[in-house]
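# An overview of the molecular structure
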Amino acid sequence: MRRREWAPRRSGSREIAAWQDNTCIRLEPWVARLLRKLSAAYLAEGRRAEAETCPPPWRAPVTQRELEVAEAELRNVLG
């Protein structure tokens, strides 16, 4: 018997429908669509975050000015 590897995957319509059936909670169609989109975005960010140089998602991209300031500070420290 082969061992099945578990891999994350986005929540689809079946999973959301099963959740609704199990909890007896009915979601509006737009909420179900939003959950599918959020699930896909979560997985995409997780894959992106595997890169060692990946910045945190809550930080804006580093500007050229910030790079220049950091380089100037480093030159001052190192001489």
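Residues numbered from 1 in each chain as written. Predicted model: local features only at pLDDT ≥ 70, side-chain atom pairs only at ≥ 80, totals over all residues. Heavy atoms only, no water.

### What to know about the overall build of the chain
When you go through the chain residue by residue, the secondary structure sums to three helices and zero strands. For the chain, the N- to C-terminal ordering of α and β elements is α-α-α. Here the C-alpha radius of gyration of the chain, 22 Å, is well above what a compact globule of 79 residues would show, namely 12 Å. Expressed as a percentage of the 79 residues in the chain, the buried residues total 9%. Total accessible area on the chain is roughly 7,700 Å²; 57% of this is exposed by carbon and sulfur atoms. Side chains of the chain carry 15 positive and 11 negative charges; the gap between the two charge centres is 10 Å. (Helix = DSSP H or I, 4+ residues; strand = E, 2+ residues; numbered from the N terminus. Rg over C-alpha atoms; globule rule 2.2 N^0.38 Å. Buried < 20%, exposed > 50% of the residue type's maximum accessible area, 1.4 Å probe, protein only. Areas by Shrake-Rupley, 256 points an atom, 1.4 Å probe, with all protein chains shown as cover. Lys, Arg positive; Asp, Glu negative; His and termini not counted. Charge placed at Lys NZ, Arg CZ, Asp CG, Glu CD.)

### Notes on the environment of glutamate 66
Examined against the element boundaries, glutamate 66 turns out to sit in helix 3 (residues 64-78). You can call glutamate 66 partly exposed: its relative accessible area is 35%.

### Some details on unusual backbone geometry
Although it is not a glycine, cysteine 24 adopts a positive phi angle of roughly 60°. Residue cysteine 24 is classed as exposed on the basis of its relative accessible area of 71%.

### Some points on the side chain of serine 39
Positionally, serine 39 belongs in helix 2 (residues 29-48). Dropping the residues within four chain positions of it, serine 39 is found in contact with Arg9, Arg10 and Ser11. (Contact = heavy atoms within 4.5 Å.)

### Things to note about the environment of tryptophan 19
On the secondary structure map, tryptophan 19 appears in helix 1 (residues 13-23). Among the residues examined, tryptophan 19 registers a relative accessible area of 40% and is labelled partly exposed. Those residues in contact with tryptophan 19 that sit more than four places away from it in its chain are Ile25 and Leu27.

### So, helix 3
If you check helix 3, its first and last C-alpha atoms are 21 Å apart, about what 15 residues at 1.5 Å a residue would give, namely 21 Å. Just downstream of helix 3 lies glycine 79, where phi reads positive at about 85°. (Expected span 1.5 Å × (residues − 1).)

### Comments concerning the pattern of salt bridges
Under the criterion given, the structure shown has five salt bridges. Where arginine 48 meets glutamate 45, a salt bridge forms, and the shortest distance between an N and an O atom there is 3.0 Å. Here glutamate 45 and arginine 48 lie together in helix 2, a separation of three residues that amounts to about one turn. You can call glutamate 45 partly exposed: its relative accessible area is 24%. In this structure, the salt-bridge partner of arginine 59 is glutamate 66, at a minimum N-O distance of 3.7 Å. Residue arginine 59 is classed as partly exposed on the basis of its relative accessible area, which comes to 42%. (Salt bridge = Lys/Arg side-chain N within 4 Å of Asp/Glu carboxyl O.)

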